[in-house]
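# Overview (structure and organization)
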Amino acid sequence: MCKKETFYITTPIYYPSGNPHIGHCYTTVACDSIARYRRMQGYDVMFLTGTDEHGLKIEQKAAEKGVSPKEYVDEIAEIFKGLWRFMNISYDRYIRTTDDYHIESVQKIFKELYDRGYIYKGEYKGKYCTPCESFWTESQLVDGKCPECGREVTEAKEEAYFFKMSPFADRIEKLLTETDYLRPKTRATELVNNFIRPGLEDLCVSRTTFNWGIPVTFDDKHVVYVWIDALSNYITALGYLNDKYDDYDKYWPADTHMVAKDIMRFHAIIWPAMLMALELPLPKHLAVHGWITFNGQKMSKSLGNVVDPFILGERYGADAIRYHIMREMALGSDSSFSNEIMINRINSDLANGLGNLVSRTVAMVEKYFGGTLPSEREKGEFDDDLIGQAVSLRGKVDDYIEKTQLQNALAEIFKVVSRANKYIDETAPWILAKDENNRARLATVLYNLLDTIRIVATLLSAFMPTTMPKALEQIGADENSASYENADKFNVLPENVTIKKGEALFPRIDVEKEIEELNSIIKNNDEDPRAAKIREELANVAQIGIDDFAASDIRVGEVKACEKVKKSKKLLKFTIFDGADERTIVSGIAMFYQPEELVGKKILFVSNLKPVKLCGVESHGMILSAVEGEGKDEKLQVLTIEGMPAGAKIC
């Protein structure tokens, strides 16, 4: 088959500040499945992934381990590559921001933006949060701490280069609101309202207080800060402004960048602005997915859950893990993960659904016909419905792949799996087999099942590339019959097809026994880092007496209204009814809640906190929240209460 047009898809480049977990897998597995599907369709695919290896946090992590930053990132990058091999990821190129060719390109990009007048030298004054790698003004802090992660900030005053963002505000707003660049497009409103319409602030793009970064060629005191360094990877990996590769003209612009929602803003606003400044074409689509969560909290090593993908993959197979995380997450939404949810999904869809369909069909062909079907055929009831659903499946999957809606694509495929299993019950081959006169009808039923499995397994091979070739082998399909071109056709397998019985594709799992074993793995492992951190925090927290606690007046309040605070990306202004009057409370939770989400809720707040002005708004109290994780992994949830009136005192 002749090659069609090109298709370029990218994951973000992952920050190697620790070992990867299953939360890292979704984006890469999703991109891999799309890349495989596009290759199957005949596209000339470039699939890029990699690691983002510069910055103060890496420098500090390396110092803690007593190694150089390069030695540290070399080790972690190999772990990421090992995971992608284990998960059968078919990336075409792996970029590291420490690669010489990338460094060369970034230095040229920085200089070009400077020469074009979009980068200028200034001075940064304010606060800096190292874990979040973010600068803040005094007014943006919440209780003197980082409004994103709630941790201590350091005084920052340094010479820096800045990138002008405001010249691109109108074009970026139109990109987000008038095109289908952003998927799902529902996220465009929050980006426009939160970041563009309040006024795009110039972006700090160099640092002088640490050395682990790409040097600015014309000012050796400075290293290039994360945004220009990391985001440029999508074009430097193609050879833009370097001699390592020569693929830029062939593959750019990217067809799909896929990222998690916590880095959506950088790819939806900063990256387009950089490309506009360089007068380069914009990517066609930015697909934004949610987080894999535990009980509403972003991925971490939570109690009762094994999240190490190596452990899970060894127990259930990489394909089962790939299927589960893609089947559970709708584009743009979070998906809840637990070992029990995963095992039940494997049992219901893969063991009882697809695996059972293949094993039953193959077993019946062997039992009733010795493994080879006869050529005689006899049509009957239910045939047309099954065949109709099977041959129309490819078009539906094509459409969902085009929209980056993998969950829906898989749902459509498994509707046909369910229909085929129902077809077995409707036609009852075991009854047909009792009468020799039904031989042609029985052969037709089993052939219809085999050819349906062929279509299903062909389309699923992009999602489960290890197991589906085994399924196709069992039903007697060869490379030609299991091609994309034949995935919307029926009667493709030979009339006298011969099956080859094999092992169960997805053995059924004993849920209770498996959960018990997984819990044992957790207990036998080194102490959960989360538990260790909490234990350390509890050990260091200051002891207080009952009188100290009683001095805090905590009450129930009803949220009457909420809005963004002007000039702040992190603050929300709440109007709270405290049982007697309304009061204003400012809270740094805008990264976790939209203004309308908490209106009407009963929340807990400290009523006797001294008033403080935040971004010009006087705040009378503090809303109580629970927080888990750190930096980019942080999850915050406001404490709500039901069944108590506003003003009720917490004691």
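Shown above is the structure to which this text applies.
Described in the following lines is the structure provided in the data block. (Residues numbered from 1 in each chain as written. Predicted model: local features only at pLDDT ≥ 70, side-chain atom pairs only at ≥ 80, totals over all residues. Heavy atoms only, no water.)

## Focus: the sheet that holds strand β10 (residues 214-215)
The test is simple: Paired strands are those between which DSSP finds at least two bridges. For helices the rule is a DSSP run of H or I covering at least 4 residues; for strands it is a run of E covering at least 2, with both sets numbered from the N terminus onward.
Ordered by their spatial adjacency, three strands build an open sheet running β9-β11-β10, and the pairing between neighbours is antiparallel. A strand with exactly one partner marks an edge of an open sheet, and here the two such strands are β9 (206-207) and β10. Sheet topology places β9 next to strand β11 (residues 223-224); two bridges connect them, and they run antiparallel. Residue Ser206 lies in a different strand from β11, and its bridge partner there is Val224.

## Quick look at the nonpolar core
Here is the rule we go by: Grouping buried Ala, Val, Leu, Ile, Met, Phe, Trp, Tyr and Cys residues that are joined through side-chain atoms within 4.5 Å yields what is termed a nonpolar core. Summary of the burial criterion: residues with accessible area below 20% of their type's maximum are buried, those above 50% are exposed, and those between are partly exposed, where the area comes from a 1.4 Å probe applied to protein chains only. Contacts are assigned to residue pairs with any non-hydrogen atoms lying within 4.5 Å of each other.
With 106 residues, the main nonpolar core has Tyr316, Leu354, Ile413, Leu460, Phe463 and Met464 as its most contacted residues. By residue number, the principal contributor to this core is helix α18 (residues 439-460), which donates 13 residues. Ignoring sequence-local partners within four residues, the contact set of Ile413 consists of Leu393, Val397, Val456, Leu459, Leu460 and Phe463. Within the second largest apolar cluster, 73 residues are counted, among which are Tyr101, Cys204, Tyr225 and Trp227.

## Regarding unusual backbone geometry
A cis amide bond links Arg183 with the next residue in sequence, Pro184, at an omega value of -5 degrees. Mapped onto the fold, Pro184 is located in the loop between β7 (182-183) and α6 (188-196). At the junction of Trp252 and Pro253, the peptide bond is cis and its omega measures out at 10 degrees in the coordinates. Its place among the elements puts Pro253 in the loop between α9 (248-251) and β12 (256-260).

## Some details on the pairing of strand β17 (residues 554-564)
Here β17 pairs with strand β20 (residues 602-606) via five bridges, running antiparallel. For Arg555, the partnering residue across the bridge sits in β20 and is Phe605. Two elements, β17 and strand β26 (residues 649-650), share two bridges in a ladder whose sense is antiparallel. Considered in β26, the bridge of Arg555 is made with Lys649. As judged from the six bridges shared by β17 and strand β18 (residues 572-577), these two strands associate in the antiparallel manner. The residue bridging Cys562 from the neighbouring strand is Phe574, located in β18.

## Re the pattern of salt bridges
Put simply, the rule reads: Here, a salt bridge means any Lys or Arg side-chain nitrogen found within 4 Å of an Asp or Glu carboxyl oxygen.
The tally for this structure, following the rule as stated, stands at 47 salt bridges. Among the salt bridges present, the one from Arg197 reaches Glu173, with a minimum N-O distance of 2.7 Å. A residue pair is termed long-range when its members are at least 10 positions apart, and Arg197 in the loop between α6 and β8 (203-204) and Glu173 in helix α5 (residues 169-178) qualify at 24 residues. Judged by relative accessible area, which is 57%, Arg197 ranks as exposed. Overall, the relative accessible area of 17% leaves Glu173 in the buried class.

## What about empty space enclosed by the protein?
The condition that has to hold: Whether a set of points on the 1 Å grid over the protein atoms alone is a cavity depends on a 1.4 Å probe fitting there but being unable to get out, while an open set qualifies as a pocket with protein on both sides within 12 Å along at least five of seven lines; lining residues are those with an atom within 4 Å of a point. Grid points are joined across faces, edges and corners, and a volume is the space filled by probe spheres set on the points. Each residue receives one of three labels: charged for Asp, Glu, Lys and Arg, nonpolar for Ala, Val, Leu, Ile, Met, Phe, Trp, Tyr, Cys and Pro, and polar for the others, Gly being one of them.
The final tally for this structure, using the stated rule, is two cavities of 30 Å³ or more. Of the pockets and cavities examined, the largest cavity occupies roughly 60 Å³. Along its surface, the largest cavity is lined by eleven residues, and His54, Gly55, Val224, Tyr225 and Val226 are the ones closest to its centre. Each residue belonging to the lining of the largest cavity can be placed in one class, and the counts come to five nonpolar, three polar and three charged. The computed volume of the second largest cavity comes to approximately 30 Å³. Taken together, Ile292, His324, Ile325, Glu328, Ser335, Ser336 and Phe337 form the lining of the second largest cavity.

## With respect to the packing of aromatic side chains
Threshold: In this analysis, rings of Phe, Tyr and Trp, with Trp reduced to its six-membered ring, are considered paired at centre separations within 6.5 Å, and the interplanar angle assigns stacked below 30 degrees, edge-to-face beyond 60, and tilted for intermediate values. Here, over-ring charges are defined by two tests on the NZ atom of lysine or the CZ atom of arginine: distance to the ring centre within 6 Å, and angle to the ring normal within 35 degrees.
Throughout the structure, instances matching the rule amount to 25 aromatic pairs. Measuring from ring centre to ring centre gives 5.4 Å for Tyr101 and Tyr245, while their planes differ by 90 degrees; the resulting arrangement is edge-to-face. In this pair, Tyr101 is assigned in helix α4 (residues 100-115) and Tyr245 in the loop between α8 (233-236) and α9, connecting sequence segments 144 residues apart. By relative accessible area, which is 8% here, Tyr101 ends up buried. The structure contains a cluster of three or more aromatic residues connected by ring pairs, namely Tyr8, Tyr234, Tyr240, Tyr248, Tyr251, Trp252 and Trp271. Lying over the aromatic face of Tyr43, Arg38 brings its terminal NZ or CZ to 5.0 Å of the ring centre. Just above the ring of Tyr484 sits the side chain of Arg394; from NZ or CZ to the centre is 4.1 Å.

## Points about the sheet that holds β7
Strands sit in the order β3-β2-β1-β12-β13-β7 across an open sheet of six strands; the sheet is parallel. The sheet terminates laterally at β3 (93-96) and β7, the two strands that pair on one side only. Relative to strand β2 (residues 44-51), strand β1 (residues 6-14) runs parallel, the two sharing seven bridges. What sits directly across from Ile9, in β2, is Phe47.

## Section: helix α3 (residues 69-86)
What sets the pattern is the α-helix's 3.6 residues per turn: residues three or four places apart point alike. Keep this limit in mind: How far a helix is expected to stretch is found by multiplying one less than its residue total by 1.5 Å.
Look at α3: 26 Å from first C-alpha to last across 18 residues, which is about the 26 Å you get at 1.5 Å a residue. Every buried residue of α3 is accounted for by Pro69, Tyr72, Val73, Ile76, Ala77, Phe80, Lys81, Gly82, Leu83 and Trp84. Of the residues one or two after α3, Asn88 is the one with positive phi, at around 60 degrees.

## Here we look at the state of the cysteines
Convention followed: Any two cysteine sulfur atoms lying within 2.5 Å of each other are counted as a disulfide.
As enumerated under the stated definition, the model contains zero disulfides in all. The cysteine Cys615 is free of any disulfide, with Cys146 supplying the nearest cysteine sulfur at 14 Å.

## Concerning helix α10 (residues 264-278)
Short version of the rule: The bend reported for a residue corresponds to the angle between axes fitted to the seven residues ending at that residue and the seven starting there.
With 15 residues, α10 should cover 21 Å at 1.5 Å per step; its first-to-last C-alpha distance of 21 Å lies within 8% of that length. The largest bend in α10 is about 30 degrees, located at Ile270, with the proline Pro272 one to four residues further on. One or two residues past the end of α10 sits Glu279, with phi positive at roughly 60 degrees.

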